Structures are given as structure tokens and as C-alpha cells.
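Observations on the three-dimensional arrangement
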Amino acid sequence: MPIVIESHQTSSLQLEELIERLDKGLDTRCHDSMQAAADDLKALANNRTFLADRVARELKDLATMQRGNTYTPQVVMLHLNPCKNYFLRANIWPSAEDAVMQASGPDPFFYHKPHDHNFNFLTVGYHGPGYWSDYYEYDYDKVAGYPGESMGLRFIERSALAEGKVMLYRAFVDVHDQLPADELSISLNIMENTLRPVVTDQYAADTAAGVIKKMVNRNNMVCVLSVAAAIGDENTVDIIEHIAHHHVNPRIRFAALKSMGSRVADAEQRIELLTQGLGDASVLVRESARVEIQKVMAPRLEFGHGAA
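So, a few notes on the structure that sits alongside this text. Note that this is a predicted model, so its numbers are computed, not measured. (Residues numbered from 1 in each chain as written. Predicted model: local features only at pLDDT ≥ 70, side-chain atom pairs only at ≥ 80, totals over all residues. Heavy atoms only, no water.)

Counting through the fold element by element, Arg21 comes out in helix H1 (residues 15-22). Along the sequence, Arg21 and Asp40 sit 19 residues apart, while their C-alpha atoms lie 8.1 Å from each other. Leave out the neighbours within four places in its chain, and Arg21 touches Leu13 and Asp40. (Helix = DSSP H or I, 4+ residues; strand = E, 2+ residues; numbered from the N terminus. Contact = heavy atoms within 4.5 Å.)

What the three strands build is an open sheet, ordered S6-S5-S8; its pairing is antiparallel. Of all the strands in the sheet, the pair left with one neighbour each is strand S6 (154-160) and strand S8 (174-179). Strand-to-strand, the axes of this sheet are offset by a mean angle of 20°, without reference to chain direction. Here strand S5 (residues 132-137) pairs with S8 via six bridges, running antiparallel. Note that in S8 the partner of Tyr135 across the bridge is His176. (Pairing = 2+ DSSP bridges. Axes fitted to C-alpha atoms, helices over the stretch in contact; angles between N-to-C directions.)

Here we take up the pattern of salt bridges. Evaluation of the coordinates by the stated rule reveals 15 salt bridges. Measuring nitrogen to oxygen at the nearest pair gives 3.2 Å for the salt bridge that ties Asp27 to Arg29. Between Arg154 and Glu137 there is a salt bridge whose closest N-O contact spans 3.9 Å. In this pair, Arg154 sits in strand S6 while Glu137 sits in strand S5, placing the two residues 17 residues apart along the sequence. (Salt bridge = Lys/Arg side-chain N within 4 Å of Asp/Glu carboxyl O.)

Counting through the fold element by element, Gln202 comes out in the loop between helix H6 (196-199) and strand S10 (203-206). Looking at Gln202, its side chain comes within polar contact range of the main-chain oxygen of Asp116, at 2.7 Å. Contacts of Gln202, omitting those with residues within four sequence positions, involve His115, Asp116, His117, Asn118, Phe119, Lys214, Met215, Val216 and Asn217. (Polar contact = N/O pair within 3.5 Å; in protein donor to acceptor, adjacent residues only side chain to side chain.)

Taken together, the side chains of Leu195, Val198 and Val199 make up a nonpolar region of the molecular surface, amounting to roughly 330 Å² of accessible area. For Leu195, a relative accessible area of 65% translates into the label exposed. (Patch = residues over 30% accessible without salt bridge, like charges linked within 9 Å, V, L, I, M, F, W, Y side chains within 5 Å. Areas by Shrake-Rupley, 256 points an atom, 1.4 Å probe, with all protein chains shown as cover. Buried < 20%, exposed > 50% of the residue type's maximum accessible area, 1.4 Å probe, protein only.)

Treat this as a map of the structure, not an account of what it does.
This is the structure we're talking about:
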């Protein structure tokens, strides 16, 4: 589970003071560096007025409020400098009885959506009893990343992010299933802002079965390949085919192979194309191709069963 960091910090910081300290050398990829920032984050949490003051200032200018915030409304962006390897945010965690949960349901708050992280982040409970989590651990390097693959999940405990509690969530280790807070709560986060989330995978987990449910991080290349296959000419197809066989990233190779298959209406031809993936050096490509072939075959098998 995330590392719980005992902080006895009693002084408080302004947001600008925290930023100044973090800018001096925080390395968000390093657990030791992140843990060293725990007292400073706790000091910000000890400042009981900064967040309300920040929100009040932004409410005075709705035209620029949270400009550049690409997260859901749950997140209040506090600081983002693209040149730094971190950013700061506050997260809102409603209870099941709060009006916002009644109106929108749990999905915007990632409740009941077990997942891992492909980035580190340091968090502290700022207000309220905190959201609950069922915590698990797994070994990222031992999974290929295809749906249905066993993650080797190890359940650790259920606990809440109480006010003042500081935790370090570790990339590629910690998995949690977030559950609604007992009362409206707020957490503060120092988030990793590096290229790691761009080149590595983040997974949704089926904790009951102990398997990968799907990949949840966005990959722009996958979208581009789908569009290229849908509207491209033969030259475009040649490029996609080259990517399917030679790209260094196995997930991109499979995405290219799958996009080529999407151009083919005939199921037999689509299966023939996807079969190329069964000989790939990567377990991810081989298993993903096998799953996709089963999807293509399923309607035919169902029809055959019905006809009998």
C-alpha cells in the first residue's frame, strides 16, 4: 500500500512558499525525494485558510477560473509549471449522501474503479475524514498488460486518508479501490509531472478476479492509427503495416494491427490479419491478438449455435 509518512510538522506554509521550496530540487520520480517533501506538504495542510482564499479569488473572475485544468470538476489545480516535474492540486471527495454524488453518481470521483498509477504522488488529508481505499500491491514488471491477465494482486488493508495523514503513492506498485468518504473531504497532492505516464501503462483492475480489466491511460498514437486506418489511402496502410511489425512499443504494434483489421469487413480476412500478432515477440501483442480474434469469432459461434 502507499507509504504512510509520519509528519509531526506543526508550522504552516503559504502555497507560494511551498512552491518555492519544491522548485529547489524536488525529484518526483524518486521516493526519497518525495518523502522528504512530506513535512512541507503537511505545513501547507496546516494552513486552514489558503484553499478557501484561493477559491474565493477565482470565483471573482469566472472567465479565467481554473484555466488549463484538464481534470474533472473534482480537481482544483493549484499550481502547474510545465518546466517543472511536479504540479499541485486539491481533490474533492464527497460522501454518498452529498448532493453532487446524488446528481452525478460515483464515476467522476473514481469511486469503485480499482486502478494502479504510472506516476508517483504525495497526498495529505486536508479536510474531513477522507476517502476510503482498499489497498493492494502488485509487480508491474511481471505483467504484459493485456485484459484478463493475472496481476498477482496482494490485498493489504482498508483505510481512510484522515485529516493530516500523509501518504506516498508509488508508481507501478500501489493499487487502490477508492470508496466514498463518510463526509465531504479534501486532499492535497504533489503530483509527478514527467514523461513516465506517457510511455508506460496504467491499468484498471478487476480486484475480485485479480486481473487487468483494461488500460486506462490515454495514448494519442492509438487514436491517430484508428483515424488513419479509417480515412487513409494505400500509402497510409503501408505505413500502418510497417508500424505493426517494427514499432518499439508493443502496444502501438498491436494498435496498428487492430486498426488494419478494422478496414476489413470480412471476418475471415480480419482474423487472418490479426493472426499475424500471434507470432509477435511480445506477450502483450500475442495475447491481445488472441483476445481480439475471439471477439471477431464470438458472433459467428453464437450464430452457429443458434442455427443448430
